[in-house]
Amino acid sequence: MSIQTLTLSQCKEYIKNIKDLEIRCYQLNMLLNQLFYKQAQIKSSIQKTTNFAPTLEHETILSSIKAGIRCLIPGAISGFILGFIVWAFGGEGFLHNFQDGRDVPLQPYLIGGAIIVAILAFLRGASTLLGRKQRNIVALKSYQQQEYDKKNNLQYYQNVLNKTDNAIRECQIKQRDTKTLLQNYYKLNYIYPSYRGLIPICTIYQYLDSGRCDTLTGHEGAYNLYENELRMNAIIGKLDDVINRLDDISASQRLLAQEIKQSHVQLDRISSTLDNVENNTVLTQYYSSITASNTTFMSWLAAFSYDDQRRNR
């Protein structure tokens, strides 16, 4: 088949439909990526929720008793030192006591010091035990509350995850159907394979719609103009470069920039509603619009293919 078998209006309508399908495929691809990102976020939230565990301080009365026993020797040493000080500096003074001797029993100091320090250690341990017990009670109540919240959160996240999975499956179906329909348009072979894609189709359609060209082939055709402007860097051939320069793009690709900008606005609107995926009317309406437009494109393609067969008999 060749473009000569089509009128200019037929050619423009045919390429316009391809342009719209290319834009739909671009939108659905971006939306699918956003849904996959949302899915990963939800799974991460579920993982964090299920990994929660309480931190309790373990302490018993036995540890307080052990602490008191461990302090017997330091207490006895302290009592001995106290007894020595009383012996050495009591009475008539250190030199007199040292020369003549002074009978001061150390046993009461040893035993008394050991007992006093042990009791203090035990009381401190018991106080610490009571404090930890109170903190554990608070931690346990907090854990119980968080367990209750966790169950609710897990149920919420699971519901959202299920809805997101459904949205992903629906998006994949729409993407597959739209790509198939686009390929069916291309299979008519009115568009040379080198010029199939979002950027060349939008640019070539603008050439035809603006009147710069009235045919695809030939010296004055859209293909030749596209190649010349691409070679002179008057237009951009890579999608990433187009996206990065949407506000600084030549007049020859103004239509392409407008289509991408409008797609981003529409996707931003949908993205802002993804947190409410359980009752997302915006997403539902978008999928419905895809179905409706694809039905229209299919009907046009069927009628066009039928007329094309008649023309080529």
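Just so it is clear, the structure is predicted and the values come from calculations on it, not from any experiment. (Residues numbered from 1 in each chain as written. Predicted model: local features only at pLDDT ≥ 70, side-chain atom pairs only at ≥ 80, totals over all residues. Heavy atoms only, no water.)

Here we come to the overall build of the protein. Along the protein, the regular secondary structure elements total ten helices and zero strands. When its helices and strands are written in sequence order, the protein yields α-α-α-α-α-α-α-α-α-α. In the protein, which comprises 313 residues, the share counted as buried stands at 38%. In the protein, the proportion of contacts linking residues at least 24 apart, taken out of those at least 6 apart, comes to 75%. (Helix = DSSP H or I, 4+ residues; strand = E, 2+ residues; numbered from the N terminus. Buried < 20%, exposed > 50% of the residue type's maximum accessible area, 1.4 Å probe, protein only. Contact = heavy atoms within 4.5 Å.)

Before going further, it helps to examine the nonpolar core. In this structure, Tyr 14, Ile 15, Tyr 185, Ile 191, Ile 204 and Leu 216 are the most contacted members of the largest nonpolar core, which totals 44 residues. If you list the elements that add at least two residues to this core, you get helix H1 (8-50), helix H5 (107-186), helix H6 (198-210), helix H7 (222-231), helix H9 (254-271) and helix H10 (281-311). Counting 15 residues, the second largest nonpolar core, distinct from the first, contains Leu 32, Leu 274, Leu 283 and Tyr 286. (Core = buried A, V, L, I, M, F, W, Y, C linked by side-chain atoms within 4.5 Å.)

Here we take up the pattern of salt bridges. Under the criterion given, the structure shown has eight salt bridges. With a closest N to O distance of 3.1 Å, Asp 20 and Lys 16 form a salt bridge. Of this pair, Asp 20 and Lys 16 both sit in helix H1, four residues apart, roughly one helical turn. Note on Lys 16: relative accessible area 34%, which makes it partly exposed. Glu 229 is the salt-bridge partner of Arg 212, the closest N and O atoms lying 2.8 Å from each other. Of this pair, Arg 212 sits in the loop between H6 and H7 while Glu 229 sits in helix H7, and the two are 17 residues apart along the sequence. Taken together, the salt bridges that share partners define one network made up of Lys 16, Lys 19, Asp 20 and Glu 259. (Salt bridge = Lys/Arg side-chain N within 4 Å of Asp/Glu carboxyl O.)

It is worth spelling out the environment of Glu 227 at this point. Of note, Glu 227 is situated in helix H7. For Glu 227, a relative accessible area of 30% translates into the label partly exposed.

Moving on: the packing of H6 against H7. Interhelical geometry of H6 versus H7 gives an angle of 115° and a closest axis separation of 10 Å. The crossing of H6 and H7 is right-handed. Here Ile 199, Pro 200, Thr 203, Ile 204 and Tyr 207 of H6 lie close against H7, whose contacting residues are Ala 222, Tyr 223, Leu 225, Tyr 226 and Glu 229. For the contact of H6 with H7, a count of residues per class yields eight nonpolar, one polar and one charged. (Axes fitted to C-alpha atoms, helices over the stretch in contact; angles between N-to-C directions. Left-handed = near helix turned anticlockwise from the far one by under 90°. Nonpolar A, V, L, I, M, F, W, Y, C, P; charged D, E, K, R; others polar.)

Attention shifts here to the packing of H6 against H9. Two elements in contact, H6 and H9, have axes separated by 8 Å at closest approach and are oriented at 125°. The orientation of H6 with respect to H9, classified from their angle, is oblique. Here H6 runs over H9; the crossing is right-handed. The residues of H9 that touch H6, namely those facing Leu 198, Ile 199, Cys 202, Tyr 205 and Gln 206, are Arg 254, Leu 255 and Leu 256. By residue class, the composition of the contact of H6 with H9 is six nonpolar, one polar and one charged. (Parallel < 35°, antiparallel > 145°, perpendicular 65-115°, else oblique.)

Right, let's get into the packing of aromatic side chains. The full count for this structure, using the stated rule, is eleven aromatic pairs. Taking 6.4 Å as the distance between ring centres and 25° as the angle between the ring planes, the aromatic pair formed by Tyr 14 and Trp 300 counts as stacked. Placement of Tyr 14 in helix H1 and of Trp 300 in helix H10 is noted, with a sequence separation of 286 residues between them. Taking the relative accessible area as the measure of exposure, Tyr 14 reaches 1% and is therefore buried. Judged by relative accessible area, Trp 300 falls into the buried class, the value being 18%. Here Tyr 286 and Tyr 287 contribute two aromatic rings whose centre-to-centre distance is 6.2 Å and whose plane-to-plane angle is 50°, an arrangement assigned as tilted. (Phe/Tyr/Trp six-rings, centres within 6.5 Å; stacked < 30°, edge-to-face > 60°.)

This part is about the confidence of the model for the protein. For the protein, per-residue confidence averages 79 on the pLDDT scale, and residues scoring 70 or more make up 63% of the total. Scored below 50 in pLDDT, residues 91-99 makes 13 contacts in the model with residues more than four places away or belonging to other chains. (pLDDT = per-residue confidence, 0-100.)

Its place among the elements puts Thr 273 in the loop between H9 and H10. By relative accessible area, which is 18% here, Thr 273 ends up buried. Within the structure, the side chain of Thr 273 is placed 2.6 Å from the backbone oxygen of Ile 270, a separation counted as a polar contact. Ignoring any residue separated from it by four or fewer positions in sequence, one finds Thr 273 in contact with Asn 280 and Val 282. (Polar contact = N/O pair within 3.5 Å; in protein donor to acceptor, adjacent residues only side chain to side chain.)

Attention now goes to the environment of Leu 28. Mapping Leu 28 onto the fold places it in helix H1. A residue is classified by how much of its surface remains accessible, and Leu 28, at 0% relative accessible area, is buried. For Leu 28, the residues in contact, after removing those within four places along its chain, are Cys 171, Lys 174, Gln 175, Thr 178, Tyr 286 and Ile 290.

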